[in-house]
There are 2 protein chains.
Amino acid sequence: MDSEDDSPLGYDAFRRTCPSHTVLEMLASKWVYLTVCALRRGRLRNGELARKMEGITPKMLTQTLRVLERDGLVRREVFPVIPPRVEYELTELGQNLAGLLSQIRSWAEEHAPEIKEARGRASADHDEMAAS
Amino acid sequence: MDSEDDSPLGYDAFRRTCPSHTVLEMLASKWVYLTVCALRRGRLRNGELARKMEGITPKMLTQTLRVLERDGLVRREVFPVIPPRVEYELTELGQNLAGLLSQIRSWAEEHAPEIKEARGRASADHDEMAAS
DNA sequence: ATATATAGGCACCTTATGGATAGTGAAGAC
DNA sequence: GTCTTCACTATCCATAAGGTGCCTATATAT
């Protein structure tokens, strides 16, 4: 094991042209994180997701769901009724990912105080520079 | 366990005003992922990081490192020599996160083929719609 | 004398993204 | 009629991301 942090089969997210790089790019979104976490417990309707994710606009919600659907992480089911009813649920692949993403979410929640403190120190340092 | 996917102590990344939400926002960046993964094995210099992360511009690299430093994930050490020498390494908090992030990276590398296939299907469907 | 390497800072510009606002259609409540 | 709900779609605008080029300092190599 020389410098093998590398992938099992030639995939390397550090390379711009590697498919895994674009996957990482897709995952690098606040709303993707939250949407996948929200769907982890089961299928939800558009409106339920919107209420759960404070601050998301309908546009971003739809956009995020379309990306997740395109990439095979989310399944979309339309009921042809009026008023419309659409449900979203994670695919197996999505479930698989959800475990990891909710670990990140938990990490963020656990370490938020530390990071807030670090940010405080950083801006204090910055102010002190400005005062000199 | 009713609906306890929630945080241990009142932190909830789904709430816009929660500190953990801004932490998630900070983590939701391709370059943050890769930088933390790159530093996982030990300290690296700016140029080494730049060479490792294909496609990153000096500006984005610096920007990313400044954010990570501000949030207490990365430590920056300057050697007052000429030519300049600066090294970056993960703090303990950063190490802690690096484990999770490199799991995500591995996931991306492992599942890249599936996702590529899903994207292919999606665009095929799209084309077929356009052809009708 | 000239060039190189190093780790940036700074200013400018273009493009992509996020987010806000308004609109659509059809059923049912009032 | 008018209003609401639902799951969107379309449009605009402000902000952010990202790219480019030029600048700094000096020891070392040519």
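Keep in mind that what you see is a predicted model, and the values were worked out from it rather than measured. (Residues numbered from 1 in each chain as written. Chains lettered and ligands numbered in written order. Predicted model: local features only at pLDDT ≥ 70, side-chain atom pairs only at ≥ 80, totals over all residues. Heavy atoms only, no water.)

A. Inspection of the interface of chain B and chain A at higher detail. Listed by partner, the interface residues are 61 residues for chain B and 61 residues for chain A. Taking both sides of the interface into account, the surface hidden between chain B and chain A amounts to around 5,800 Å²; carbon and sulfur atoms contribute 64%. Where chain B touches chain A, the interface holds 10 salt bridges. Between Lys30 of chain A and Glu25 of chain B there is a salt bridge whose closest N-O contact spans 3.0 Å. Broken down by element, the side of chain B that touches chain A gets its largest block of residues, 21 residues, from helix H5 (residues 92-131) of chain B. Residues that form the side of chain B that touches chain A fall into these classes: 28 nonpolar, 12 polar and 21 charged. (Contact = heavy atoms within 4.5 Å. Buried area = accessible area lost by both parts, 1.4 Å probe. Salt bridge = Lys/Arg side-chain N within 4 Å of Asp/Glu carboxyl O. Helix = DSSP H or I, 4+ residues; strand = E, 2+ residues; numbered from the N terminus. Nonpolar A, V, L, I, M, F, W, Y, C, P; charged D, E, K, R; others polar.)

B. Structural detail: the sheet that holds strand S2 (residues 74-79) of chain A. All names here are of chain A. Here three strands make up an open sheet; going across it, the order is S1-S3-S2 and the pairing antiparallel. The sheet is open, and its two edges are formed by strand S1 (44-45) and S2, each paired on a single side. For S1 and strand S3 (residues 85-90), the ladder comprises two bridges, and the chain directions are antiparallel. Within the sheet, the bridge partner assigned to Leu44 lies in S3 and is Tyr88. Helix H4 (residues 58-70) contacts S2 and S3 of the sheet and is inclined by roughly 115° relative to S2. (Pairing = 2+ DSSP bridges. Axes fitted to C-alpha atoms, helices over the stretch in contact; angles between N-to-C directions.)

C. Summary view of the relation of the copies chain B and chain A. Overlaying chain B on chain A yields an RMSD of 0.1 Å, the required transformation being a rotation through 180° with an accompanying axial translation of 0.0 Å. Such a combination of turn and shift is consistent with a two-fold rotation axis. Judged by C-alpha distance, Ala28 of chain B is the residue of chain B that lies nearest the rotation axis, at 2.2 Å. Taken as a fraction of all interface residues of chain B, those also at the interface in chain A reach 98%, which identifies the copy contact as same-surface. (Least-squares fit on C-alpha atoms with pLDDT ≥ 70 in both.)

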